[in-house]
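Descriptive analysis of the structure
Listed here are the chains, written in short residue letters.
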Amino acid sequence: SRGFELQRRAGNFSKAAALERKAIRATAVEAEVEQWTADKLIDASEEFKAKALIKSREQYDEMYKRSVEDPDGFWSDIASEFHWEQKWDSSKPASSWNLDVRKGPIYVEWFKGGKTNIAYNAVDRHVKAGRGGETAILWEGNDVGRDRKLTFQQLQDEVCQVANYLRSIGVKKGDSVTIYMPMLAELPVTMLACMRIGAVHSVVFAGFSADSLAGRMMDSKPRVVLTCSAVRRGNKVIGLKEIVDKAADICSKQGFDVERVLVYDNENAISREKTPWKDGRDEWWQDRIPSFETESPVEWVDAEDPSFMLYTSGSTGKPKGVLHTTGGYMLGAATSFKYIFDYRPGDVYWCTADCGWITGHTYLTYGPLLNGASIVVFEGVPTYPDAGRCWEIVDKYQVTLFYTAPTAIRALQKSGNSFVTKYSRKSLRVLGSVGEPINPNAWRWYYEVVGDSRCPIVDTWWQTETGSILITPLPGAWPQKPGSATLPFFGVQPAVVDENGREQDGPCSGYLCMKAPPISLMRTLYGDQERYETAYFAPFKGFYFSGDGCRRDEDGYYWLTGRVDDVINVSGHRIGTAEVESALVSHSMCAEAAVVGYDHEIKGQGIYAFVTLMEGVDYSDDLRRQLVTTVRSEIGAFAAPDVIHWAPGLPKTRSGKIMRRILRKIAANQLDELGDTSTLAEPAVVDQLIELRGK
Ligand code: 6R9
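These numbers come from a predicted model, not from an experiment. (Residues numbered from 1 in each chain as written. Predicted model: local features only at pLDDT ≥ 70, side-chain atom pairs only at ≥ 80, totals over all residues. Heavy atoms only, no water.)

**A closer look at empty space enclosed by the protein**
- By the definition in use, this model includes three cavities of 30 Å³ or more.
- What the largest cavity holds in volume is close to 140 Å³.
- Taken together, 20 residues form the lining of the largest cavity, with Trp 75, Phe 490, Gly 491, Pro 518 and Ile 519 sitting closest to its centre.
- Where the lining of the largest cavity is concerned, the elements lending two or more residues are α4 (57-69) and α5 (71-79).
- For the lining of the largest cavity, the per-class residue count stands at 14 nonpolar, six polar and no charged.
- In this structure, the second largest cavity spans a volume of roughly 50 Å³.
- A breakdown of the residues in the lining of the second largest cavity according to their chemical character gives five nonpolar, three polar and no charged. (1 Å grid on protein atoms, 1.4 Å probe; cavity = no way out; pocket = protein on both sides within 12 Å on 5 of 7 lines; lining within 4 Å. Points joined across faces, edges and corners; volume = space filled by probe spheres on them. Helix = DSSP H or I, 4+ residues; strand = E, 2+ residues; numbered from the N terminus. Nonpolar A, V, L, I, M, F, W, Y, C, P; charged D, E, K, R; others polar.)

Rendered as structure tokens:
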């Protein structure tokens, strides 16, 4: 294409040849994969289907029909399998909602008036049923050989101790608690302890910087922060307590003082002596928690009381505090986990997500534990000490259900098959994927190499906002198509709408919306109902809008095509381009920045930043490094730009709007597809940008 044509014209022949080779290789791989996906509908074996919870398309169709025609009856039956301290009023409809901004405030309610508790249902219920001796948590440390097992009884004891501690420092129902912890067993324990007393946890991924943590703390004003001295991930040591201290200082300057910080002493990473400390505010977990009783009363909460909040990126402004409630979230998490992973007692389930993201909430902690599953909690990274670690862990614990992200699959694929084939993996039964579209090439590798062409793959589409999986294969019920999330889960009513908000029929492409609220849909954005309505319900009236584009094929299968807003998906992490831009311009020498996503071999999308410097400032590699460091410290290392492209000017319309379409094309090196540039205020900036590509 024009990429190498331009290089060739510029006399840069070796670069042109390399680009050409790359293009030919890419086309060959694509053709092979297309061939393979077109040929194959991949179905589970007869043996798998015979044992599966949902064995056929007919069985699904029947259940699905009831779930959308009689949602109250469908979910009430499921709700009855859980413990309710006080049943909802069954003389009234179980649910009510309004998704249309024209008809007043948006709201969703399920089982209002019923009283229950998620932690009780996830832990105590199993102990009461005599399963206290069964394994709840299999904790695997970063370093091979460090591990720990907790039974449901032990989990209940620890949850109670932490719950009692929280109560002792005055945390009550409805109070907010910030958790900034690595993947220790204590992280899910802490989440469950909050739930037990009705406190609302806000887990902040321990890869976020002090600034990001402070922003979230300023928004939710926690009574206490629970953290850890430091953590080792791979070969790196990260001083988490130091970051919490910095965040607390930032909050303090803005008028909010954290009263208490509970610090887990992780001596494997740092000594107590070296951990920064503030007397009167900080306490060691190990000095406090063991002294508390292992029994603690359960706070029964209303089905519509908040359960937790979790911040996520939007296309504009600050991260949004997605707020979930209790009854609907519990049922959505538990039911989707059960059917999608085809869970049966005895399964050992491992989700590689971090609890700092929604997947770590719903499918590491709540969904599986609500079903009484044994879960693996892994502190480390899939490539340490080498790329075989995941499969070593699978063999060690005889993992049957495995859930990870395409970015991890691609990274492991790149490391070579021998790291996989060295291990047996015979225990595996279902493989899952989440976080971004999985490309057919990675799907195929996951299926053939990891799963020995034996395990169905569930490519699960959902969002922080939806709380649980909405579009997904049910592994025994219908064939998968590599790259497609296939069909809606029970109760889920997707609509593909065009730009005028008209729902389309049959095969089509457009914007993915929901007609009825999924039972576990967030109920509001913390402290900002107005933004909740404008961001999700105003774009297409009468629908919940996901922000994703999608295609529906002739079999009714859904193919997610990525975000249609200014959100990019880097290694499955959602990042708002506006957040990165605002971090960049916080550098004193940066005048303006425009950030777009581009295809990245491992991460799915990479971050490509166009940067204009202040008058008179020289472009240099040193400045480039400084800008990347600024983003790391403002947001977190995972948001660091992959490319900084110097931009003397940005392509803008006459009204001053940056034309991102053009920037995306330049980032993708699709220089022959720039489209109409005549509406630009200064068309010449485009040539300047092309000139500076790679410089
Ligand atoms: C669970 C989670 C949500 C966004 C979502 C979409 C993308 C997630 C996907 C997928 C294609 C899948 N996404 N799963 N795209 N296929 N199976 O990732 O939540 O962090 O809120 O991100 O991720 O773009 O809108 P969250």
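**A closer look at the site of the ligand**
- Taken together, 17 residues lie near the ligand, and Asp 459, Thr 460, Thr 464, Asp 548 and Arg 574 sit nearest.
- Taking Arg 563, its side chain carries an N or O atom lying 2.9 Å from an oxygen atom of the ligand.
- For the ligand, the protein covers 97% of the area, taking 540 Å² as the surface of the free molecule.
- If you list the elements that add at least two residues to the shell around the ligand, you get α13 (358-370), β20 (457-460) and β27 (558-563).
- Across the shell around the ligand, the residue classes break down as six nonpolar, six polar and five charged. (Near = heavy atom within 4 Å. Polar contact = N/O pair within 3.5 Å; in protein donor to acceptor, adjacent residues only side chain to side chain. Areas by Shrake-Rupley, 256 points an atom, 1.4 Å probe, with all protein chains shown as cover.)

**Digging into the UniProt feature "domain: AMP-dependent synthetase/ligase" (unreviewed entry) in the protein chain**
- UniProt records the feature "domain: AMP-dependent synthetase/ligase" (unreviewed entry) at residues 130-524, using the numbering of this structure.
- The span residues 130-524 is 31% helical and 23% strand by assignment, and the distance between its end C-alpha atoms comes to 38 Å. (UniProt positions renumbered as here; feature names shortened; annotations may be inferred.)

**Things to note about the UniProt feature "domain: AMP-binding enzyme C-terminal" (unreviewed entry) in the protein chain**
- Following the UniProt record, one finds the feature "domain: AMP-binding enzyme C-terminal" (unreviewed entry) at residues 579-657.
- What you have in residues 579-657 is 27% helix and 32% strand, and the ends, taken at the C-alpha atoms, are 17 Å apart.

**Considering the sheet that holds strand β23 (residues 494-497)**
- Strand order across the open sheet formed by four strands is β23-β24-β26-β27, with antiparallel pairing between neighbours. Pairing within the sheet leaves two strands with one partner each, and these edge strands are β23 and β27. Across the sheet, the axes of successive neighbouring strands diverge by a mean angle of 45°, strand direction being ignored.
- In the sheet, β23 pairs with strand β24 (residues 508-514) via four bridges, with the strands oriented antiparallel. By the bridge assignment, Ala 495 is partnered in β24 with Cys 513. (Pairing = 2+ DSSP bridges. Axes fitted to C-alpha atoms, helices over the stretch in contact; angles between N-to-C directions.)

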